[in-house]
There are 4 protein chains.
Amino acid sequence: MPASKFLSDKFCAVRAKRERRKEARPGELLDAALDLFVEKGFAATKSEEVAARAGVSKGTLFLYFPSKEELFKAVISENLAGRFDDWNARFAAFQGGTPEMLRECMNIWWDHIGSTKVSGITKLMLSEGRNFPELARFYREQFVSPAHVLLRRVLQRGIDRGEFAPVDVDQAVYTVVAPMVFLMLNKHSADVCGTADAPLDPKRFLDLQTDFILAGLAAKPAQGRAS
Amino acid sequence: MPASKFLSDKFCAVRAKRERRKEARPGELLDAALDLFVEKGFAATKSEEVAARAGVSKGTLFLYFPSKEELFKAVISENLAGRFDDWNARFAAFQGGTPEMLRECMNIWWDHIGSTKVSGITKLMLSEGRNFPELARFYREQFVSPAHVLLRRVLQRGIDRGEFAPVDVDQAVYTVVAPMVFLMLNKHSADVCGTADAPLDPKRFLDLQTDFILAGLAAKPAQGRAS
Amino acid sequence: MPASKFLSDKFCAVRAKRERRKEARPGELLDAALDLFVEKGFAATKSEEVAARAGVSKGTLFLYFPSKEELFKAVISENLAGRFDDWNARFAAFQGGTPEMLRECMNIWWDHIGSTKVSGITKLMLSEGRNFPELARFYREQFVSPAHVLLRRVLQRGIDRGEFAPVDVDQAVYTVVAPMVFLMLNKHSADVCGTADAPLDPKRFLDLQTDFILAGLAAKPAQGRAS
Amino acid sequence: MPASKFLSDKFCAVRAKRERRKEARPGELLDAALDLFVEKGFAATKSEEVAARAGVSKGTLFLYFPSKEELFKAVISENLAGRFDDWNARFAAFQGGTPEMLRECMNIWWDHIGSTKVSGITKLMLSEGRNFPELARFYREQFVSPAHVLLRRVLQRGIDRGEFAPVDVDQAVYTVVAPMVFLMLNKHSADVCGTADAPLDPKRFLDLQTDFILAGLAAKPAQGRAS
DNA sequence: TATGAATGAGCCTTCATTCAT
DNA sequence: TATGAATGAAGGCTCATTCAT
């Protein structure tokens, strides 16, 4: 093996490694940002900390993202937007009954979002959206709206097929959203919803809540029910 | 009437007025603090703003509260702690069925807390509790624990009287808490839970959700239900 | 002298001193800012330096001026704008011949601006106006326009009274402005206009230049003159 | 023609082309630097911008010039120094009257420097010379001194030939320099010398100013003249 | 008791320069 | 020779808290 070949190989290997790092940088920064934003909040996270956790210096962060706010928007895009193509397709193809479909909905959400640190993004927007209106706008546009559309479609399907009572779909969506939001908050919120001696079991809570929703959607008007 | 009595009376009146103002100060500061903390968050609220809204100067704030954090603890004490004596008594005396009792529970909470700015405190603790552990601890001790105790008592009563299915009370409590928490967040959170074209109607949501809970608690195990 | 009187006196003296300082602050800061801006340029002057030269801390500067740029606008207002009332009145009342008037004009400018550090402001705007368009706009509006109006009035008076040839007043104004600008630059510019062995004598230069202007304004078209 | 010759030729051509590119690099960088320094100032120009405008990367700039400051010195050398051989020869050979010579002087300066972007260098040194003393020194040595020498020679010639009054040559030089400096500044300075409704016409200004200078140099002491 | 001027640590962002490739 | 990713010191501005009055 000639020296030139060896050198060339070495050169390629090193360059490859360098380029791999370069391409990995934004991802590493986004991961670090998600971790820290979720842990401490957007305003309370220092950009230098994000850089440090990603293993780079302060300046490098701004090489990839022009500002802390844009970094957060990228975190949203990376982790939330763009999941909907998959989800929408999944439900368009769903064959079974709508109660099962709704339960599936909850479960997929739980696996992809609720049980992961991605759920922290929702907590963040709830917490700090008011102080960062542009971030709130972006989040609503990228995540909240598509999610509501999807859920409305599921509920309407159930009503159309006679599986659900003809409730006000717009309001019922919030009924589905509420337990999800609650779980996301609980996960990231210093346990200020519950008590240490009887901690929330998220999965059981979700099942129980889904039971309630399904019971409610299927129920005939109950006695003692609000008019 | 001796002159001294007259003087004394006058003196007392002036002193009383002065002291009333002096004693009112903390209350005015607490009101201002609640407003602003709820509006902008704890960390994002400047202590000078609080003082300004209370009509005093920056220095005066620190005369009554040694730090911003202590100010917030005082806000919690003032607005949340101490309501439980009333509430507990109310439910101890309740005569009707437990479904009605639970509905009453929701309504009282809505009137006293949920629909008022006090609900913002919960939002605050969910949002920023992690960054201020001492505040979170204080809030849990003063508010969360007593609330859970109360709700557990209600649910247990329903089970004992055969009105509710024998669910896991600890988890079911969260089922009641969740919609409350959701409403409190929604009220103070830049609309990041919903969409502008179908805004949440809090009262209807609460009724609907209560229906669901009652349907769920009353229901026999449904088909398609999680095991 | 009763103790209370003594205390009261002492109190008043101290308060007075404090208030005097408070009222003096903006002026001290403006002086410091003028010095440093003229010495190092606007961009190159750190706000902390300005504060330090005024004998206060960084934060104090921003107590009085919301930004470095506003500080500079205040420097302009303080030192340039508002002189025109005096100047305009002076020339409105002038009785003598216009050549003397123009010479007087140069001399007053020299005494009030040219020979003082205030002349550095013009140098600054010439140097950095492009990078700070809002400052340039403010300076033009507050100083350049009124100055041109005044000079045009003087030149027109000379023409009207038959003392000056009927030159294009708009262009001739620049002829008067040019030596002033040149002197201001020279004063604040590391001697990049001249040579160490034959330094510029500003007063003689100004007189000589004024002679030339007056000779030029009075002259009949000379041989070798541009068509 | 031997193969080696052919190869050698080809080699040389390729090498020549490569070297031409390589040798052109500094020139392209100097052009870019002149443009940007003149446009935005020395300190406010980012080295990356210079590289970008020259079509190379940031690193390459520092390959040819060890620092931004050295780059600027090279800009001065390239554009100002070395013109004097030509100019000096031109005036040594001049045959006509000195007034025409001085007018020629102004015109040549205007064509070669004043009306071109090179005039921006003078503006730069006036603006930022103080913050970069080494640059100011270099500029004075390379440009200001030779220019003064040349002008002094012209004026002295006029006096010697009886065409000009026996003024103080050292000071009179500044009289010639001033309008040039003024025009250079005005060209590069956000119009802070004039007003929008009566903008400066550089060529007319220069002619007018030259008329004044010549009138002044030729004039017998005028009435109202400074003693 | 009440004031508000003053402080200074802290944060986001920029940019000349370096160096591994 | 050429690249461009990475660095880190520096600068404008904020705000909880102090303290002289």
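The rules behind the values
Residues numbered from 1 in each chain as written. Chains lettered and ligands numbered in written order. Predicted model: local features only at pLDDT ≥ 70, side-chain atom pairs only at ≥ 80, totals over all residues. Heavy atoms only, no water. Near = heavy atom within 4 Å. Polar contact = N/O pair within 3.5 Å; in protein donor to acceptor, adjacent residues only side chain to side chain. Helix = DSSP H or I, 4+ residues; strand = E, 2+ residues; numbered from the N terminus. Nonpolar A, V, L, I, M, F, W, Y, C, P; charged D, E, K, R; others polar. Contact = heavy atoms within 4.5 Å. Buried area = accessible area lost by both parts, 1.4 Å probe. Salt bridge = Lys/Arg side-chain N within 4 Å of Asp/Glu carboxyl O. Least-squares fit on C-alpha atoms with pLDDT ≥ 70 in both. UniProt positions renumbered as here; feature names shortened; annotations may be inferred. Buried < 20%, exposed > 50% of the residue type's maximum accessible area, 1.4 Å probe, protein only. Axes fitted to C-alpha atoms, helices over the stretch in contact; angles between N-to-C directions. Parallel < 35°, antiparallel > 145°, perpendicular 65-115°, else oblique. Left-handed = near helix turned anticlockwise from the far one by under 90°.

**Considering the protein's contact with DNA strand F**
Step number 1: Of all residues adjacent to DNA strand F, which total 37 residues, the nearest are A:Arg25, A:Ser57, A:Tyr64, C:Lys46 and D:Arg25.
Step number 2: Take B:Thr45: an N or O atom from its main chain is 3.4 Å from a phosphate oxygen of DNA strand F.
Step number 3: Separating a base nitrogen of DNA strand F from a backbone N or O atom of D:Gly59 is a distance of 3.3 Å.
Step number 4: For the surface near DNA strand F, the secondary-structure elements that each account for two or more residues are α1 (3–40) and α3 (58–64) of chain A, α3 (58–64) of chain B, α1 (3–40) and α3 (58–64) of chain C together with α1 (3–40) and α3 (58–64) of chain D.
Step number 5: Residue classes in the surface near DNA strand F are distributed as 10 nonpolar, 12 polar and 15 charged.

**With respect to the interface of chain A and chain B**
Step number 1: Tallying the contact residues gives 59 residues for chain A and 60 residues for chain B.
Step number 2: Across the interface of chain A and chain B, roughly 5200 Å² is buried in total on both sides, 59% from carbon and sulfur atoms.
Step number 3: Considering only the side of chain A, the residues that lose the most area to chain B are A:Arg130, A:Tyr174 and A:Phe212, jointly responsible for 15% of the buried surface there.
Step number 4: Counting across the interface, chain A meets chain B through four salt bridges.
Step number 5: Between B:Arg204 and A:Asp168 there is a salt bridge; the shortest N-O distance is 3.1 Å.
Step number 6: Those elements that place two or more of their residues in the side of chain A that touches chain B are α1, α6 (98–114), α7 (119–128), α8 (133–160), α9 (169–187) and α10 (202–218) of chain A.
Step number 7: Taken together, the residues of the side of chain A that touches chain B sort by class into 27 nonpolar, 14 polar and 18 charged.

**What about the protein's contact with DNA strand E?**
Step number 1: Neighbouring DNA strand E are 37 residues; A:Lys46, B:Arg25, B:Thr60, C:Arg25 and C:Tyr64 lie closest to it.
Step number 2: Backbone atoms, meaning sugar and phosphate, form 66% of the atoms of DNA strand E found within 4 Å of the protein.
Step number 3: Contact distances for DNA strand E include 2.7 Å between a phosphate oxygen and a side-chain N or O atom of C:Thr60.
Step number 4: At 2.6 Å, a side-chain N or O of C:Tyr64 approaches a phosphate oxygen of DNA strand E.
Step number 5: Contributions of two or more residues to the surface near DNA strand E are made by α1 and α3 of chain A, α1 (3–40) and α3 of chain B, α1 and α3 of chain C together with α3 of chain D.

**Remarks on the relation of the copies chain A and chain B**
Step number 1: Take chain A, turn it by 179 degrees, move it 0.0 Å along the axis, and it overlays chain B with an RMSD of 0.3 Å. Both copies are brought into coincidence by an operation consistent with a two-fold rotation axis. Relative to the rotation axis, the C-alpha of A:Ser127 is the closest in chain A, positioned 2.3 Å from it.
Step number 2: When the interface residues of chain A are mapped onto chain B, 100% of them are again interface residues, pointing to one common binding face.

**As for the environment of B:Ala92**
Step number 1: Following the sequence through the fold, B:Ala92 ends up in helix α5 (residues 84–92).
Step number 2: Expressed as a C-alpha distance, the spacing of B:Ala92 and B:Val154, which sit 62 residues apart in the sequence, is 9.5 Å.

**A short note on the relation of the copies chain C and chain D**
Step number 1: For the pair chain C and chain D, the best superposition has an RMSD of 0.3 Å and corresponds to a rotation of 179 degrees with a translation of 0.0 Å parallel to the axis.
Step number 2: In this assembly, 100% of the residues forming the interface of chain C have copies in chain D that are likewise at the interface, indicating an isologous arrangement.

**Section: the UniProt feature "DNA-binding region" (unreviewed entry) in chain A**
Step number 1: The feature "DNA-binding region" (unreviewed entry), as given by UniProt, occupies residues 46–65 of chain A in the numbering adopted here.
Step number 2: Taken end to end, residues 46–65 of chain A comprises 70% helix and 0% strand; its first and last C-alpha atoms sit 14 Å apart.

**Examining the side chain of D:Thr122**
Step number 1: As for its placement among the helices and strands, D:Thr122 is situated in helix α7 (residues 119–128).
Step number 2: Once you skip the residues sitting within four places of it in the chain, D:Thr122 turns out to touch D:Tyr139, D:Phe143 and D:Met184.

**So, the interface of chain C and chain D**
Step number 1: Facing 60 residues of chain C, the contacting portion of chain D comprises 60 residues.
Step number 2: At the boundary of chain C with chain D, total buried surface from both sides reaches about 5200 Å², with 59% on carbon and sulfur atoms.
Step number 3: When residues of chain C are sorted by the area they lose upon contact with chain D, C:Arg130, C:Tyr174 and C:Phe212 head the list and together hold 14% of the total.
Step number 4: The interface formed by chain C and chain D holds 24 residue pairs in polar contact (both at pLDDT 80 or more) in total.

**A few points about unusual backbone geometry**
Residue and element names in this part refer to chain C.
Step number 1: Notably, Ala-190 is not glycine yet its phi reads approximately 45 degrees, a positive angle.
Step number 2: By secondary structure assignment, the location of Ala-190 is in the loop between α9 (169–187) and α10 (202–218).
Step number 3: Under the relative-accessibility criterion, Ala-190 is labelled partly exposed at 21%.
Step number 4: One non-glycine residue with positive phi stands out, namely Asp-191, at about 55 degrees.
Step number 5: Here Asp-191 shows up in the loop between α9 and α10.

**Points about the packing of helix α6 (residues 98–114) of chain D against helix α10 (residues 202–218) of chain D**
Residues and elements named next belong to chain D.
Step number 1: Between α6 and α10, whose axes approach to 11 Å, the crossing angle comes to 155 degrees. In terms of axis orientation, α6 runs roughly antiparallel to α10. Where α6 crosses over α10, the handedness of that crossing is right-handed. Judged by residue contacts, Pro-99, Leu-102, Arg-103, Met-106, Asn-107, Trp-109 and Trp-110 of α6 engage Pro-202, Lys-203, Leu-206, Asp-207, Thr-210, Asp-211, Ile-213, Leu-214 and Leu-217 from α10.

**Notes on the pattern of salt bridges**
Step number 1: By the definition in use, this model includes 60 salt bridges over all chains.
Step number 2: A salt bridge links C:Lys40 to C:Glu49, with the nearest nitrogen and oxygen atoms 2.5 Å apart.
Step number 3: By relative accessible area, C:Lys40 is classed as partly exposed at 22%.
Step number 4: For D:Arg161, the salt bridge goes to D:Glu163, with nearest N and O atoms at 3.1 Å.
Step number 5: Take D:Glu163: its relative accessible area is 24%, and that puts it in the partly exposed class.
Step number 6: Look at the salt bridges and you will find they share partners, linking A:Glu70, A:Lys73, A:Glu134, A:Arg137 and A:Glu141 into a network.

**Comments concerning the packing of α7(A) against α9(A)**
All names here are of chain A.
Step number 1: Two elements in contact, α7 and α9, have axes separated by 8 Å at closest approach and are oriented at 90 degrees. Relative to α9, the element α7 is oriented roughly perpendicular. The residues of α9 that touch α7, namely those facing Ser-119, Thr-122, Lys-123 and Leu-126, are Val-181, Met-184, Leu-185 and Lys-187.
Step number 2: When the residues that make up the contact of α7 with α9 are grouped by side-chain class, the tally is four nonpolar, two polar and two charged.

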